[in-house]
Amino acid sequence: MKEELIYAAALGIFFALLALAGSNQTGTGTDDLAKDAVLDITGGSYHPWLSSPWQPDESQGLLFGLQAGLGGAALGYFLCRYRKGSQSRPNR
Amino acid sequence: MHIMEGFLPHPWWEIWFAISLPVVAYGVKVAGNLAKDRRDALPLLAVAGAFIFVLSSLKLPSVTGSSSHPTGTGLDAIFFGPAVTAVVSTVVLIYQALFLAHGGITTLGANVFSMGIAGPALGYAAYKGATKLRLNLYAAVFLSAFTSDLATYLTTALQLAMAFPAATGVWTSFQAFAAVFAITQIPLAAMEGMVTVFIFRYLLRARSDALVRLKVISGRSTKPAEVWH
C-alpha cells in the first residue's frame, strides 16, 4: 500500500505541476482562436446567448492543476497495483 | 475542442444533445455490466479514465505558437470501446464546464459528441483496422490515439462550420475552423500517441492477461507483433 501511495503522490504532483505550467503560458488557446473565427465568419454579429456564471480567471490554472493532480494520483495508484500484481503472479 | 458556453445557437446545441445522450446512456449500461460481470477489468477502467482526466487537463504549446489540450481518449476506446469512453468524457467535460468555465453545459452535447463519441469511435476503428492489416501492435495503438485526438478537433470544426456556415457554404467555414484546430493539433496528437503507447506497453507487460480477457489482444502470444485476434 505504501508503494502505491508513493506512485500516486509522485504522478499526482508531476501532472499537477505540468498542468499549472501549461495554464500559465501566454500562447493563445485554439478555443479562443475558434471564437475569433466565429466572429470573422459572422462579421462580428454573433454573441453567445449564455455565458458561464462562474469565471475562475486566475484560479483556473489551479483547478486544471487539481484535475491533473487527481488524475495523476489515480493513474499512479493503479499502475503500481498492476505492476505489483504482475510481480506476484507465478511465471508461466 | 471545447465549444464555449452559449456559443452554439438553436437548434444545434439541442441536436448534439439528442445525438449524444443515447450513446452516453448506452455507455452507462455497458459500464454497469462491466462493473457487475467483469470486476477484474475495473482497475483498467480506472487507469484509462484517469488517463483522460490527466491528459485533457494539460494545455500544451504547439508549433504554431497557439496551444491546445490532448484528449487521452484513445486508450479507453481501445480497451472498452467508444460508448464507455463517452461516459468518462462526459464526467471530465462536466467538471471542466462547471468548475473551470471551460466548455459549457449548453454545449455539453456537442463537446461530448466530439471528444467522447466521434474521436474515440474513429480511434477504435483505426485500432481494429490496423490489427486487421497486421500492423505492429504499438503502431496500431499510436494510430488509434493519434486518430482519436485529431478526429475530435476536426469534429469540433465541423460542428462549428454547420452552426456558422460562411456565405460560400459550410465547406469554406469548415476549412477556416479546421485550420485553427488541425495545424496546432497534429504535433499534440503525435505526442499523445507516443504517451499512449508508453502506458499501453506498461499495461501489456504488467497484465497481458487482462488485455486478453478484454479481447484487446489475442491470447496466443504477448509478443507485440504476434498478438492479433
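Quantities reported herein were computed from a predicted structural model and do not represent experimental measurements.

(A) Representation of the nonpolar core in the model. Judged by nonpolar contacts, the single largest core of 42 residues is most densely connected at F79, F80, Y127, F200 and V216 of chain B. Within the residue set of this core, elements represented by two or more residues are α1 (2-23) and α3 (60-88) of chain A together with α2 (42-55), α3 (73-80), α5 (108-132), α6 (137-163), α7 (170-206) and α8 (208-213) of chain B. Setting aside residues up to four positions removed in sequence, F80 of chain B forms contacts with L34, A41, L44, L45, A48 and L214 of chain B. Judged by nonpolar contacts, the second largest core, of 40 residues, contains L8, A86, A118 and L160 of chain B.

(B) Just α3 of chain B, in detail. Residue and element names in this part refer to chain B. Within α3, eight of the eight residues are buried, leaving the element largely enclosed by the surrounding structure. T73, G74, L75, D76, A77, I78, F79 and F80 are the residues of α3 that are buried. Directly beyond the C-terminal end of α3, a positive phi value near 90° is found at G81.

(C) Highlighting the interface of chain B and chain A. Taken together, the contact between chain B and chain A spans 58 residues of the former and 47 residues of the latter. Around 4,300 Å² of area is buried between chain B and chain A when both sides are counted, 69% of it from carbon and sulfur atoms. Linking chain B with chain A are zero salt bridges. Taken together, chain B and chain A are joined by 13 residue pairs in polar contact (both at pLDDT 80 or more).

(D) Here's a closer look at the packing of aromatic side chains. Taken as a whole, this structure holds 14 aromatic pairs over all chains when the rule is applied. When the centroid spacing of 5.1 Å and the interplanar angle of 70° are considered together, the rings of F14 of chain A and F15 of chain A count as edge-to-face. Here F14 of chain A falls in the partly exposed class, since its relative accessible area comes to 46%. With a relative accessible area of 13%, F15 of chain A lands in the buried category. Between W171 of chain B and F174 of chain B the ring centres are 5.4 Å apart and the planes differ by 25°, which places this aromatic pair in the stacked class. Of this pair, W171 of chain B and F174 of chain B both sit in helix α7, separated by three residues, roughly a single helical turn. We classify W171 of chain B as exposed; its relative accessible area is 57%. Taken together, the aromatic side chains of Y46 of chain A together with F7 and F164 of chain B make up a single cluster linked through ring pairs.

The rules behind the values
Residues numbered from 1 in each chain as written. Chains lettered and ligands numbered in written order. Predicted model: local features only at pLDDT ≥ 70, side-chain atom pairs only at ≥ 80, totals over all residues. Heavy atoms only, no water. Core = buried A, V, L, I, M, F, W, Y, C linked by side-chain atoms within 4.5 Å. Buried < 20%, exposed > 50% of the residue type's maximum accessible area, 1.4 Å probe, protein only. Helix = DSSP H or I, 4+ residues; strand = E, 2+ residues; numbered from the N terminus. Contact = heavy atoms within 4.5 Å. Buried area = accessible area lost by both parts, 1.4 Å probe. Salt bridge = Lys/Arg side-chain N within 4 Å of Asp/Glu carboxyl O. Polar contact = N/O pair within 3.5 Å; in protein donor to acceptor, adjacent residues only side chain to side chain. Phe/Tyr/Trp six-rings, centres within 6.5 Å; stacked < 30°, edge-to-face > 60°.

Any link to function would need more than the numbers given here.
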